[in-house]
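The lines below spell out each chain.
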Amino acid sequence: MAEFGTKERLLCSAVTLEECKKIEKILQEHNISYFEQWNRHKGILRLLSNRKNDKCDILVHMDSFERAKNVIG
């Protein structure tokens, strides 16, 4: 489990766009706040890459981490 600051924890790492949308929907249904950190290519690779191949990290507040982890399963 990675910590990015004193208040955020990594819930899921390197998920695809489709997986990200599914997780977002579940978190929103349970009123859990989150934010996404997209890992996109930089420079010339970004021009050549397909946005479908981008990966996302989903982070939640540390107070909601256990609840979010249980909801996601």
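What counts, and at which threshold
- Residues numbered from 1 in each chain as written.
- Predicted model: local features only at pLDDT ≥ 70, side-chain atom pairs only at ≥ 80, totals over all residues.
- Heavy atoms only, no water.
- Buried < 20%, exposed > 50% of the residue type's maximum accessible area, 1.4 Å probe, protein only.
- Helix = DSSP H or I, 4+ residues; strand = E, 2+ residues; numbered from the N terminus.
- Pairing = 2+ DSSP bridges.
- Phe/Tyr/Trp six-rings, centres within 6.5 Å; stacked < 30°, edge-to-face > 60°.
- Lys NZ or Arg CZ within 6 Å of the ring centre and 35° of its normal.
- Core = buried A, V, L, I, M, F, W, Y, C linked by side-chain atoms within 4.5 Å.
- Contact = heavy atoms within 4.5 Å.
- Salt bridge = Lys/Arg side-chain N within 4 Å of Asp/Glu carboxyl O.
- Expected span 1.5 Å × (residues − 1).
- Arc of directions from axis to C-beta.

Colleague: Would you mind going over the pairing of strand β3 (residues 55-61) with me for this structure?
Modeller: Remark: a regular strand shows side chains that alternate across the two faces of the sheet. Among the seven residues in β3, five count as buried, and that is most of the element. Note: strand β1 (residues 8-15) against β3, five bridges, orientation antiparallel. Paired with valine 15 across the strands is cysteine 56, a residue of β3.

Colleague: How do you make sense of the packing of aromatic side chains when you look at a structure like this?
Modeller: The relative placement of two aromatic rings is captured by the distance of their centres and the angle of their planes. Taken as a whole, this structure holds zero aromatic pairs when the rule is applied. When the ring centre of phenylalanine 65 is taken as reference, the NZ or CZ atom of arginine 9 above it lies at 5.8 Å.

Colleague: In this structure, what is going on with the nonpolar core? I would like to understand it.
Modeller: Generally speaking, a soluble globular protein has its nonpolar side chains buried in company with each other. Among the nonpolar cores identified, the biggest contains twelve residues, and these are Leu11, Cys12, Val15, Cys20, Ile23, Leu27, Ile32, Cys56, Ile58, Val60, Phe65 and Ala68. Counting residues per element, the ones that place at least two in this core are β1, α1 (17-29), β3 and α3 (65-72). Setting aside residues up to four positions removed in sequence, valine 15 forms contacts with Cys20, Ile23, Asp54, Lys55, Cys56 and Ile58.

Colleague: Can you help me understand the pattern of salt bridges in this one?
Modeller: Pairs can form between side chains of opposite charge whenever their charged atoms are close. Throughout the structure, instances matching the rule amount to one salt bridge. The closest approach of N and O atoms between glutamate 66 and lysine 69, which form a salt bridge, is 3.7 Å. Residue glutamate 66 and its partner lysine 69 are located together in helix α3, separated by three residues, close to a single helical turn.

Colleague: Help me understand α1 in this model?
Modeller: Helical geometry note: an α-helix holds 3.6 residues per turn, so side chains three or four residues apart project in the same direction. The terminal C-alpha atoms of α1 lie 18 Å apart, and with 13 residues this matches the ideal 18 Å at 1.5 Å per residue to within 8%. Of all the residues in α1, the buried ones are Cys20, Ile23, Glu24 and Leu27. Across the axial projection of α1, the buried residues extend over an arc of 105°, all falling on one side. In α1, the exposed residues that point more than 90 degrees away from the buried face are Glu18, Lys21, Lys22, Lys25 and Glu29. Structurally, α1 contributes buried residues whose contacts are with β1, β2 (34-39), β3 and α3. Just past α1, the residue asparagine 31 takes up positive phi, approximately 55°.

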